[in-house]
Amino acid sequence: MHTGRGDAAKRAKTRTRIPVAADASDNSCGFCVNADFERFSQVDDVFARSRHDSTIRSERSDLFYSTYRKPLADWRAAKGYQQNDYAFRNATWHVADIFAEMYEDIDRRDGFLDPLSMLRDGATERVDLGSPKDAATLIKHAAHAAGADLVGIAAYDERWTYTERFSVESLGPKPNKIPEALDRVIVIGQAMDATLIETAPSALSGAATGMGYSQDAVVLLTLAQYLKNLGYEAIPSMNDTALAIPYAIQAGLGEYGKHGLVITPEFGTSVRFGKIFTNAPLATDRPISFGVREMCGICSACSTGCPSKAIPNAEPSRDRHNRSNLKGVKKWSIDGEKCFSFWTKVSSDCSICVRVCPFTRDYTSRRNRIWLRLAGSRFRRFALWLHQREGKGARRQAETWWPGAL
Ligand code: B12
Ligand code: SF4
Ligand code: SF4
């Protein structure tokens, strides 16, 4: 049985015998970046386009956003989309929203379009953190204590920095600059509540997303303030500033899957990422591989389960579905326009591809840890068969999540 977030810390300690690459080169990460590569502008992502591009913006997308402020009291009768479900989902977003809305008057959306900025001045004198390895151990220890479920460190890689941020005021680009000296990126993973994810698609399952962001904001601000108090620079970032997925892979937190997301050995796909750009002299981690690429070669659960047919069941390629995909990278890519269109249809976000992925399971269970080893071995077909036979990844009726009858 899946557990809720309460067990996340326990699950974070379950990583065992995962092969680590010799270095963090593109080859070791499984990246194939071609000569025609172009950095991505945040103005082109689907969320920004749903504000400024009439091919995506519609009455339905405006209604979708309005549900985050006003629960749909009598609009939908469907289970999992009732007032109580929206009430809870929106409450889980509340902390992240406070930061996002704090500086709207100066055209900032902290955590989504701009880095989190609620930090005090730090120390003027630097604490010597010892060797880069010792420094990394210290920072990871503090990050876990502050509530991070996963922590990895990568070298700064300009390719993943957005060329521009999106401005809500002008509905166009604004500058996105990271000081050159910040050559390390601490990547934080927050587990999403697996019991909520099981109810996807539902407004209720959106509470796993909301909690992920709210917890991420607290952890990122705490760790960034700690680095500043030690005399180092730190820029805490959620969805803003740079692409999270390639950094999470470089930082050794997981492997890339066909659904276009990172799969970790601790939480499968059910995890969100934040990052901190810093000049603290930290040793970097190396990418891992535990059989995801090979499993994606024989599995198509995400592609079949996606209600909007946004996930092709195909080999990695350089093809772009539309302007919301990166140019010049051979990889699995999803059609974000189709995905977002489904969200606007059901008036909430979706996590079906997270739920159905066979790697999304509770690794505090010994049985599931054995399954992970099978999945990473030549017995992966048997592991997939077991997954299907056990009916894992099935949707849970949202009303069974709430105790008693409401
Ligand atoms: C915009 C966005 C979306 C949009 C639109 C994507 C788009 N193309 O515009 C939509 C609505 C589709 C979306 C949906 C979801 N998202 Co989203 N999304 C983002 C966001 C904010 C920006 C990504 C972006 O700029 N994409 C535009 C271009 C670059 O897209 P692309 O070329 O298709 O590249 C995608 C992948 O291929 C990969 N990627 C990018 N560069 C590279 C380079 C290499 C070498 C490789 C291998 C991969 C890779 O990341 C991109 C993710 O969209 C990121 C946070 C962040 N800053 O990264 C979260 C993020 C990717 N989303 C996330 C999640 C969880 C989801 C959802 C499950 C919804 C939910 N419940 O939260 C679904 C899953 C859909 C899916 N299967 O991908 C997580 C992923 C966590 C994980 N385990 O990997 C992130 C990192 C947010 C977070 N804070 O954790 N998302
Ligand atoms: S979030 Fe839902 S609609 Fe979007 S890709 Fe995943 S399964 Fe498809
Ligand atoms: S559902 Fe299957 S194909 Fe999709 S990412 Fe997970 S393992 Fe890969």
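It should be noted that the structure appears before, not after, this text.
Before going into details, it helps to say that this report is about the structure given with it. (Residues numbered from 1 in each chain as written. Chains lettered and ligands numbered in written order. Predicted model: local features only at pLDDT ≥ 70, side-chain atom pairs only at ≥ 80, totals over all residues. Heavy atoms only, no water.)

1. Quick notes on the site of ligand 1
Heads up, the condition is: Summary of the distance rule: residues count as near a molecule or strand when at least one heavy atom falls within 4 Å of that molecule or strand. Counted as a polar contact is a pair of N or O atoms within 3.5 Å, where, for protein atoms, one must be capable of donating a hydrogen and the other of accepting one, and residues adjacent in sequence contribute only when both atoms are in side chains. Note on conventions: DSSP H or I runs of at least 4 residues are helices, E runs of at least 2 residues are strands, and numbering of each starts at the N terminus.
What surrounds ligand 1 is a group of 39 residues, the closest being Tyr-256, His-259, Val-262, Arg-272 and Leu-326. Backbone polar atom of His-259 to a nitrogen atom of ligand 1: 2.7 Å apart, as the coordinates give it. Here a nitrogen atom of ligand 1 and a backbone polar atom of Thr-269 are 3.5 Å apart. Taken together, the elements giving at least two residues each to the shell around ligand 1 come down to α3 (46-52), α8 (206-229), α9 (244-250), β9 (271-278), α12 (336-346) and α13 (352-356).

2. A look at the packing of helix α5 (residues 83-102) against α8
The criterion, for reference: Axis lines are fitted through C-alpha atoms, for helices just across the contact stretch, and the angle between N-to-C directions can take any value from 0 to 180 degrees. Roughly parallel covers angles under 35 degrees, roughly antiparallel covers those over 145, roughly perpendicular covers 65 to 115, and oblique covers all other angles. In this scheme the crossing of two helices becomes right-handed for a clockwise turn of the near helix relative to the far one and left-handed for an anticlockwise turn of less than a right angle. Residue contacts are defined here by distance: any two heavy atoms, one from each residue, within 4.5 Å place the two residues in contact. Note that Gly is not counted as nonpolar here; it falls among the polar residues with everything else outside the nonpolar set of Ala, Val, Leu, Ile, Met, Phe, Trp, Tyr, Cys and Pro and the charged set of Asp, Glu, Lys and Arg.
For the pair α5 and α8, interaxial distance at closest approach is 7 Å and the crossing angle is 25 degrees. With respect to α8, the axis of α5 lies roughly parallel. Two packed elements cross with a definite hand, and for α5 against α8 that hand is left-handed. Note on element contacts: α8 touches α5 through Gly-206, Ala-207, Thr-209, Gly-210, Met-211, Tyr-213, Ser-214, Ala-217, Val-218 and Leu-221, opposite Phe-88, Arg-89, Thr-92, Trp-93, His-94, Val-95, Ala-96 and Phe-99. Classifying every residue of the contact of α5 with α8 by side-chain character gives 11 nonpolar, 6 polar and 1 charged.

3. Looking at the site of ligand 3
Residues in contact with ligand 3, as listed here, are Lys-258, His-259, Ile-263, Met-295, Cys-296, Cys-299, Ala-301, Cys-302, Cys-357, Pro-358 and Phe-359. Going through the elements one at a time, α10 (292-298) and α11 (301-305) are the ones with two or more residues in the shell around ligand 3. Grouping the constituent residues of the shell around ligand 3 by class yields 9 nonpolar, 1 polar and 1 charged.

4. A short note on the nonpolar core
For clarity, the cut-off: As used in this record, nonpolar core signifies buried Ala, Val, Leu, Ile, Met, Phe, Trp, Tyr and Cys residues forming a set joined through side-chain atoms within 4.5 Å. Only protein chains enter the accessibility calculation, which uses a 1.4 Å probe; a residue whose area is less than 20% of its type maximum is buried, one above 50% is exposed, and one in between is partly exposed.
Judged by nonpolar contacts, the single largest core of 47 residues is most densely connected at Val-187, Tyr-247, Phe-290, Met-295, Phe-359 and Trp-371. Residue assignment for this core shows that the elements contributing at least two residues are β2 (150-155), β5 (184-191), α9, β8 (262-263), β9, α10, α14 (366-375) and α15 (380-389). When residues of this core are assigned to their parent elements, the largest contribution, 4 residues, is made by α14. Look past the residues within four positions of Phe-359 in its chain and what remains in contact with it is Ile-263, Phe-267, Gly-268, Phe-290, Gly-291, Val-292, Met-295, Trp-371, Leu-372 and Ala-375. The next biggest cluster of nonpolar side chains, apart from the first, holds 46 residues, and it includes Ala-148, Val-219, Tyr-232 and Phe-342.

5. Details of the packing of helix α6 (residues 132-145) against α8
Contact geometry for α6 and α8: axes closest at 10 Å, N-to-C directions at 140 degrees. Considering the angle they form, α6 stands oblique to α8. Where α6 crosses over α8, the two elements pack in a sense that is right-handed. Mapping the contact onto sequence places Leu-138, Ile-139, Ala-142 and Ala-143 in α6 and Val-219, Leu-223, Tyr-226 and Leu-227 in α8. Of the residues contributing to the contact of α6 with α8, the split by class is 8 nonpolar, no polar and no charged.

6. Remarks on the pattern of salt bridges
Under the convention used in this document: Any carboxyl oxygen of Asp or Glu within 4 Å of a side-chain nitrogen of Lys or Arg constitutes a salt bridge here.
Under the counting rule described, the total for this entry stands at 19 salt bridges. Asp-26 is paired through a salt bridge with Arg-159; the nearest N and O atoms lie 2.8 Å apart. Taken together, the residues Asp-26 in helix α2 (residues 26-29) and Arg-159 in the loop between β2 and β3 (164-167) connect sequence positions 133 residues apart. Overall, the relative accessible area of 23% leaves Asp-26 in the partly exposed class. Across the pair Arg-109 and Glu-104 runs a salt bridge, and its minimum N-O distance is 3.0 Å. For Glu-104, a relative accessible area of 43% puts it in the partly exposed group. The network of salt bridges with shared partners includes Asp-44, Arg-49, Asp-53, Arg-323 and Glu-337.

7. Structural notes on the packing of aromatic side chains
By convention here, two paired aromatic rings are described through the distance between centres and the angle between planes. Applicable threshold: What counts as a ring pair is set by centres within 6.5 Å for rings of Phe, Tyr and Trp (its six-membered ring), and what kind of pair is set by the plane angle: stacked under 30 degrees, edge-to-face over 60, tilted for all other angles. Only when the NZ atom of a Lys or the CZ atom of an Arg is both within 6 Å of the ring centre and within 35 degrees of the ring normal do we say a charge sits over the ring.
Scanning all chains against the criterion turns up 24 aromatic pairs. A centroid spacing of 5.7 Å and a plane angle of 90 degrees characterise the contact between Phe-31 and Trp-160, whose relative ring orientation is edge-to-face. Taken as a pair, Phe-31 in the loop between α2 and β1 (33-38) and Trp-160 in the loop between β2 and β3 lie far apart in primary sequence, 129 residues in all. The exposure class assigned to Phe-31 is buried, which follows from its relative accessible area of 17%. With relative accessibility at 3%, the residue Trp-160 sits in the buried group. Judged by centre distance (5.0 Å) and plane angle (70 degrees), the ring pair of Phe-64 and Tyr-65 falls under edge-to-face. Given the relative accessible area of 2%, Phe-64 is considered buried. Among the aromatic residues, ring-to-ring pairing joins Phe-47, Phe-64, Tyr-65, Tyr-68, Trp-93, Phe-112, Tyr-213, Phe-340 and Trp-343 into one connected group. A cation over an aromatic ring shows up here: Arg-89 above the ring of Tyr-68, its NZ or CZ 3.5 Å from the ring centre. Sitting above the plane of the Tyr-213 ring, Arg-272 keeps its charged end 4.3 Å from the centroid.

8. Some remarks on α14
To keep it simple, the criterion reads: Directions pointing from the helix axis toward each C-beta atom define the arc.
Of the positions making up α14, those classed as buried are Asn-368, Trp-371, Leu-372, Leu-374 and Ala-375. Down the axis of α14, the sector holding all buried residues measures 160 degrees, keeping them to one side.

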